Amino acid sequence: MLDAIVNRVKQFREKIYQFFPSRRDAAMELVDSLASNTQAKSVVELSLNPLHRRNYCSITRSVDEFYAEQNREEKQQQNKQLARLLSECCSPLQKRLYHLFALDCTSNPRVFAKTLSDRGIVHAPNPIYGNAPITIGHQYSVAVYLPEKLLEGTPPWVVPLSCERVGTDQKGTLVGMEQLSHCIAQSIFKGTLCVSVGDCAYSDSSCISQASKNHEQVHVSRAKNNRVFYDALPDKKRKSRGRPKRYGKKFRLNAKRLRNADESTELKITSTKGKELTVTIECWNNMRMRGKKEFDTSKIPLRLLRIRVYDSLSGELMFKRPMWLIVSGKRQNELSLADVYHIYRQRFDIEHFFKFGKNRLMMSRIQTPDTDHEEAWWQFTMMAYAQLYACRALADYIPTPWEKYLDEFKSSDREKSPTQVQKCFFRIIHGIGTPAQPPKPRNKSIGRVRGAVQPKRERQPVIIKSKNSVIRDAMTT
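Residues numbered from 1 in each chain as written. Predicted model: local features only at pLDDT ≥ 70, side-chain atom pairs only at ≥ 80, totals over all residues. Heavy atoms only, no water.

Colleague: Mind laying out the packing of aromatic side chains, listing which residues take part and the relevant values?
Modeller: One pass over the structure, following the stated rule, counts 21 aromatic pairs. Ring plane angle 80 degrees and centroid distance 4.9 Å describe the contact between Phe66 and Tyr67, whose orientation is recorded as edge-to-face. Across the pair, exposure class does not vary: Phe66 and Tyr67 are buried alike. An aromatic cluster is built from Phe19, Phe20, Phe66, Tyr67, Trp377 and Phe380, whose rings are joined through pairwise contacts. (Phe/Tyr/Trp six-rings, centres within 6.5 Å; stacked < 30°, edge-to-face > 60°. Buried < 20%, exposed > 50% of the residue type's maximum accessible area, 1.4 Å probe, protein only.)

Take a look at the structure:
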């Protein structure tokens, strides 16, 4: 069993090694040092890692030659090849009857990088009340695979598949749906029901229209409580003149009284603090939503789910407002109400991935004035996390002195978390080896010619999606 896991990890690492277009040895050592990093606070400090046997200059060269001056289409093709490679980490289904994917966008703040191109206004959480939660930088759309959880207390692992920078001339949700359509087309997922899940941003007509084009895809997204939907029109012969009706009666989610649900069920769950909760799920079938000219959703049937959580002992509501979910797709009826609820609960694992990636894999830590370098660095972090996921069965617990008394470190049968695997990654690579060849020392380079002057980089404006030129000029100065 252990030998099979080791061989599988070696094969996966060899494929990553062969994937790099140039400087494979230096790039592979950079990924290993990033996956085993526990002390470095900046990218250049990764050269001090024992798994990085080269000098710090090789980090810049590896990142610089990852794309090799490619245009956007060529970079997307290379990212698709990486997604095809990372999809091999996905395990076959055991109990679940569908593959689950999650989509979301995250920001990379670059406020002081004034020579970085294509910067815009992106979301950034602000803990100070009253301040706008925005900053200046880039936005990245990430598509991940959510593996099956067979045991309770399983760490929030994901398999990162695709990462694309959202340009200021693009919409993050549409970029994510295109990424997902490519991921679903992989051979490992063909012929199986594929479910995508997203937050409120992925519940508009464009995302639902894109998801309905794929017969194997079912899209689950959250809806705001002030949305308005419509009943489907009954099949009747047209009698009146003029444009025919396309929608039935209005169905307001925030109405005090709603018509009886078509389906309903109850679930008993236990919170992380041991509290007994009752989840009531009500469903309205064959609903419609208003679309747009280019994304017509008037003929796409939807399922609306209202989820409310009660305290099992007192019967009081745990949350003031209910949670509304939208289920769309040609195979939407194959999912039960309980399946939809658990699907959306697992969506939050992608948030754990963003937190771990930015805190432990330095996703947003690289300081570069080149946009291509920043995009390449995000691909390196994706490969580093995928290696941690592939090696999770080979890791051992290495608790700190104040953690060795916790229950999670006393049981050896529990699956290790990303942080625990990262602590043990150096021992794993030291045991199974690396495909990267050791460095060959060479003579010192002659360096720059005396008197050479480096041209200054041009300052790039901050692109704001607004017609107000006063705001645009104020932000660029």
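Colleague: Talk me through the pairing of strand E6 (residues 217–223); I want residue IDs and the actual numbers.
Modeller: In terms of burial, E6 is a largely internal element, 6 of the 7 residues being buried. Strand direction decides the pairing type here: strand E5 (residues 193–198) and E6, joined by 5 bridges, are parallel. Residue pairing in the sheet places Val197 in a bridge with Val220 of E6. What joins E5 to E6 is helix H6 (residues 205–212), and the crossover it makes is right-handed. Judged from the 5 bridges that link them, E6 and strand E12 (residues 323–328) form a sheet pairing that is antiparallel. (Helix = DSSP H or I, 4+ residues; strand = E, 2+ residues; numbered from the N terminus. Pairing = 2+ DSSP bridges. Right-handed = clockwise from strand over helix to strand, strands pointing away.)

Colleague: Residues and numbers for the nonpolar core, please.
Modeller: In terms of nonpolar packing, the biggest core is built from 105 residues, with Phe20, Leu46, Val195, Phe353, Trp377, Phe380 and Met383 touching the most fellow members. Sort the elements by how many residues they give to this core and helix H9 (residues 371–390) lands first, with 12 residues. Sequence-distant contacts of Phe20, that is, excluding residues within four places in its chain, are made with Ala27, Met28, Val31, Phe66, Phe380 and Met383. (Core = buried A, V, L, I, M, F, W, Y, C linked by side-chain atoms within 4.5 Å. Contact = heavy atoms within 4.5 Å.)

Colleague: Hey, could you go over the side chain of Glu282 for me, with residue numbers and the actual values?
Modeller: Assignment of secondary structure puts Glu282 in strand E10 (residues 276–288). Residue classification places Glu282 among the buried positions, given a relative accessible area of 17%. Here Arg306 takes part through its side chain, which lies 2.6 Å from a polar atom of the side chain of Glu282. A polar side-chain atom of Glu282 sits 3.0 Å from a polar atom in the side chain of Arg308. Once residues lying within four places of it in the same chain are set aside, the contact partners of Glu282 are Ala261, Glu263, Ser264, Leu304, Leu305, Arg306 and Arg308. (Polar contact = N/O pair within 3.5 Å; in protein donor to acceptor, adjacent residues only side chain to side chain.)

Colleague: Before we move on, could you go through the environment of Leu97 and cite the residues and values that matter?
Modeller: With respect to the helices, strands and loops of the structure, Leu97 is situated in the loop between helix H4 (72–86) and strand E1 (98–109). Residues Leu97 and Arg448, spaced 351 residues apart in sequence, show a C-alpha to C-alpha distance of 61 Å. Beyond its immediate sequence surroundings of up to four residues, Leu97 is in contact with Thr192 and Leu193.

Colleague: Lay out unusual backbone geometry with the relevant residues and their values.
Modeller: Trans peptide bonds make up the majority, and among non-glycine residues the majority have a negative phi. We note that Asn286 has phi near 55 degrees; this positive angle belongs to a residue other than glycine. Of note, Asn286 is situated in strand E10. The phi dihedral of Met362 falls on the positive side, at around 55 degrees, and the residue is not glycine. Examined against the element boundaries, Met362 turns out to sit in the loop between helix H8 (349–360) and H9.

Colleague: How would you explain the pattern of salt bridges if you had to name every residue and give the values?
Modeller: Counting across every chain of the model gives 27 salt bridges. Its salt-bridge partner being Arg165, residue Glu375 comes within 2.6 Å of it at the nearest N-O pair. Of this pair, Glu375 sits in helix H9 while Arg165 sits in strand E4 (residues 159–166); the two residues are 210 residues apart in sequence, bridging distant segments of the chain. The two residues Glu375 and Arg165 agree in class, both being buried. Between Glu403 and Lys423 there is a salt bridge, with the nearest N and O atoms lying 3.7 Å from each other. Of this pair, Glu403 sits in the loop between H9 and helix H10 (407–410) while Lys423 sits in helix H11 (residues 418–432), placing them 20 residues apart in sequence. The exposure class assigned to Lys423 is partly exposed, which follows from its relative accessible area of 31%. The structure contains a network of salt bridges with shared partners spanning Lys75, Asp118, Arg165, Asp372 and Glu375. (Salt bridge = Lys/Arg side-chain N within 4 Å of Asp/Glu carboxyl O.)

The values reported here are purely geometric and, on their own, carry no functional implication.
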